[in-house]
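Here is what each chain is made of, one letter per residue.
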Amino acid sequence: MSRNFTRGFLVLLLLLSAAPAVSLAAQPADPARAYADLTAQATKLNEEVLRAQEDLDQRRAELGRANATVAAAQQVERQAKRDKDDFQGQVDLIAQASFEGARFNQLSALLVADSQQDFLNRLEMMRVLASDKAESLARLSGAVEKARQAHQVAENARARAAETTAAAEKLKSDLDGRNQALQAQITEVRTALTRLPAPVVNQLRDPGDRSPISAPAGVAGTALTFALAQRGDEYRYGGTGFDQWDCAGLTMKAYAAAGIAIPRTSGGQAGVGRAVPRDDVRAGDLIVYYSSRSHVAMAVDNARAVHASTEGQPVKIAPIDAIGAIAVIRRIEG
């Protein structure tokens, strides 16, 4: 009896000691922290998807150029082969005339000539035939070489096209996978939004300062004016307008409005223009954030930037240094 009691007591102690750990593990994570983490992951994944799409577009463009080269080289090859056949016919006719009628040389021309003029005519005919034969042979040789070169160009282009096709197919598969992961991540972000308290959601959706802001003249000012006009618009992964944006979509279209083409991704935008230090930031500069360079904003002045933040938040103005860790600042104009 004592032994059974002791066993039961020990089991009870073990259960009681394990209970707090189970309870703590079951407690839900901080909804705001979960939302922030998920949006950061989704933003990075969105950037990866966009970069993969750019790579795929580049490969498809290369494939188009390779196929065009193949078609052009095949056309040249076909024409060169037709020329070869024509020139070969000319050479054959001259050779046949020389064999049948004949074997003209100065001695035979002298022996068969009826007169001095006939001799001179025969000599001239010999010169013309010799010249025609040399020219036809040269053109025949040129046509053969041109056909050979065109065939080689076509073969090389076909090989490049095959390699590019394989690379494009691999990139497409990778892009599809990333897109699926992104959609799953977006679903998680939206679910996390529903778990936030109403006051927090209202604060996130607040478009902030929408007062008139004067922009400088020039390209940067025109781009900034465009970006500021989108304040209050909805954030959307992959969005490039008209009223839905992701970060790089907004800055790309802003500079497009100023007549300047910049890359579609924040990573691509991190390499345009020239780098400027933080204390030299001015209106229109692109501020790229995080080591992954997965977010970009546009400076309003030296302290503020306008950006398409993330899911659940509209395009708004925020303090430059509060958005995140700055990776690089680029100036497009000046």
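The shown structure was predicted, so the numbers you read here are calculated from the model rather than taken from an experiment.

## Quick word on the overall build of the protein
Alright, step 1. Helix and strand counts for the protein stand at nine helices and eight strands.
Alright, step 2. Pairs at least 24 residues apart make up 67% of the contacts formed inside the protein by residues separated by at least 6 positions.
Alright, step 3. Of the roughly 19000 Å² of accessible surface on the protein, 56% is carried by carbon and sulfur atoms.

## Digging into the layout of surface pockets
Alright, step 1. Quantified by volume, the largest pocket comes out at close to 420 Å³.
Alright, step 2. What lines the largest pocket is a set of 18 residues, among which T39, Y290, S309, T310 and I323 lie closest to the centre.
Alright, step 3. Of all elements in the fold, only α2 (31–100) and α9 (320–323) reach the threshold of two or more residues within the lining of the largest pocket.
Alright, step 4. Sort the elements by how many residues they give to the lining of the largest pocket and α2 lands first, with seven residues.
Alright, step 5. Per-class residue counts for the lining of the largest pocket are seven nonpolar, nine polar and two charged.

## Side note on helix α7 (residues 247–257)
Alright, step 1. Counting buried positions along α7 yields eight of eleven residues, so the element is predominantly enclosed.
Alright, step 2. Every buried residue of α7 is listed here: C247, A248, G249, L250, T251, M252, A254 and Y255.
Alright, step 3. Among the residues trailing α7, G259 stands out with phi positive, at a value near 85°.

## Description of the packing of helix α6 (residues 219–229) against α7
Alright, step 1. Between α6 and α7, the shortest axis-to-axis distance is 7 Å and the interhelical angle comes to 130°. Between α6 and α7, the interaxial angle falls into the category oblique. Helix-helix and strand crossings are classified by hand; for α6 and α7 the assignment is right-handed. Counted together, V219, A220, T222, A223, F226 and A227 of α6 and L250, K253, A254, Y255 and A257 of α7 form the full contact between these two elements.
Alright, step 2. In the contact of α6 with α7, the residues fall into nine nonpolar, one polar and one charged.

## Details of the pairing of strand β6 (residues 304–308)
Alright, step 1. Summarising burial for β6: four of the five residues are buried, a large majority.
Alright, step 2. Pairing of strand β5 (residues 295–299) with β6, which is carried by two bridges, proceeds in the antiparallel orientation. When the bridges of β6 are listed, A299 appears paired with A305.
Alright, step 3. In sequence, β5 turns back onto β6 through a hairpin of four residues.
Alright, step 4. Bridge count between β6 and strand β7 (residues 315–319): five bridges; the pairing is antiparallel. Note that in β7 the partner of A305 across the bridge is A318.

## Some words on unusual backbone geometry
Alright, step 1. Of the consecutive residues G241 and F242, the connecting peptide bond is found in the cis state with omega at 0°.
Alright, step 2. In this structure, F242 sits in the loop between β1 (234–235) and β2 (244–245).
Alright, step 3. One non-glycine residue, Y290, lies in positive phi territory at about 70°.
Alright, step 4. Mapped onto the secondary structure, Y290 falls in the loop between β4 (286–289) and β5.
Alright, step 5. When its relative accessible area of 34% is taken as the criterion, Y290 is described as partly exposed.
Alright, step 6. The phi dihedral of R293 falls on the positive side, at around 55°, and the residue is not glycine.
Alright, step 7. Summarising the element assignment, R293 is placed in the loop between β4 and β5.

## Examining the nonpolar core
Alright, step 1. Judged by nonpolar contacts, the single largest core of 47 residues is most densely connected at Y35, L224, Y255, L286, M298 and V306.
Alright, step 2. By residue number, the principal contributor to this core is helix α4 (residues 116–194), which donates eight residues.
Alright, step 3. When neighbours within four sequence positions are excluded, Y255 is seen to be in contact with V219, A220, A223, I260, I262, G284, L286, M298 and I332.
Alright, step 4. Counting eleven residues, the second-largest nonpolar core is a separate cluster that includes I287, A305, I320 and I323.

## Remarks on the environment of T310
Alright, step 1. Mapped onto the elements, T310 comes out in the loop between β6 and β7.
Alright, step 2. Between the C-alpha atoms of T310 and Y235, which are 75 residues apart in sequence, the distance is 5.9 Å.
Alright, step 3. A polar contact is formed between the side chain of T310 and the side chain of Y237, at a distance of 3.5 Å.

## Observations regarding the confidence of the model for the protein
Alright, step 1. Per-chain confidence: the protein averages 82 in pLDDT, with 75% of residues scoring 70 or above.
Alright, step 2. Every residue in residues 109–113 scores below 50 in pLDDT, and together they form nine contacts with partners more than four places removed in sequence or on other chains.

## Digging into the packing of aromatic side chains
Alright, step 1. Scanning all chains against the criterion turns up three aromatic pairs.
Alright, step 2. Pairing Y235 with Y237 gives two aromatic rings, centres 5.0 Å apart and planes at 85°, and the pair type is edge-to-face.
Alright, step 3. Y237 sits in the buried class, given a relative accessible area of 8%.
Alright, step 4. A ring pair is formed by Y289 and Y290, whose centres lie 6.2 Å apart and whose planes are at 50°; its orientation type is tilted.
Alright, step 5. Residue classification places Y289 among the buried positions, given a relative accessible area of 0%.

Rules and cut-offs
- Residues numbered from 1 in each chain as written.
- Predicted model: local features only at pLDDT ≥ 70, side-chain atom pairs only at ≥ 80, totals over all residues.
- Heavy atoms only, no water.
- Helix = DSSP H or I, 4+ residues; strand = E, 2+ residues; numbered from the N terminus.
- Contact = heavy atoms within 4.5 Å.
- Areas by Shrake-Rupley, 256 points an atom, 1.4 Å probe, with all protein chains shown as cover.
- 1 Å grid on protein atoms, 1.4 Å probe; cavity = no way out; pocket = protein on both sides within 12 Å on 5 of 7 lines; lining within 4 Å.
- Points joined across faces, edges and corners; volume = space filled by probe spheres on them.
- Nonpolar A, V, L, I, M, F, W, Y, C, P; charged D, E, K, R; others polar.
- Buried < 20%, exposed > 50% of the residue type's maximum accessible area, 1.4 Å probe, protein only.
- Axes fitted to C-alpha atoms, helices over the stretch in contact; angles between N-to-C directions.
- Parallel < 35°, antiparallel > 145°, perpendicular 65-115°, else oblique.
- Left-handed = near helix turned anticlockwise from the far one by under 90°.
- Pairing = 2+ DSSP bridges.
- Core = buried A, V, L, I, M, F, W, Y, C linked by side-chain atoms within 4.5 Å.
- Polar contact = N/O pair within 3.5 Å; in protein donor to acceptor, adjacent residues only side chain to side chain.
- pLDDT = per-residue confidence, 0-100.
- Phe/Tyr/Trp six-rings, centres within 6.5 Å; stacked < 30°, edge-to-face > 60°.

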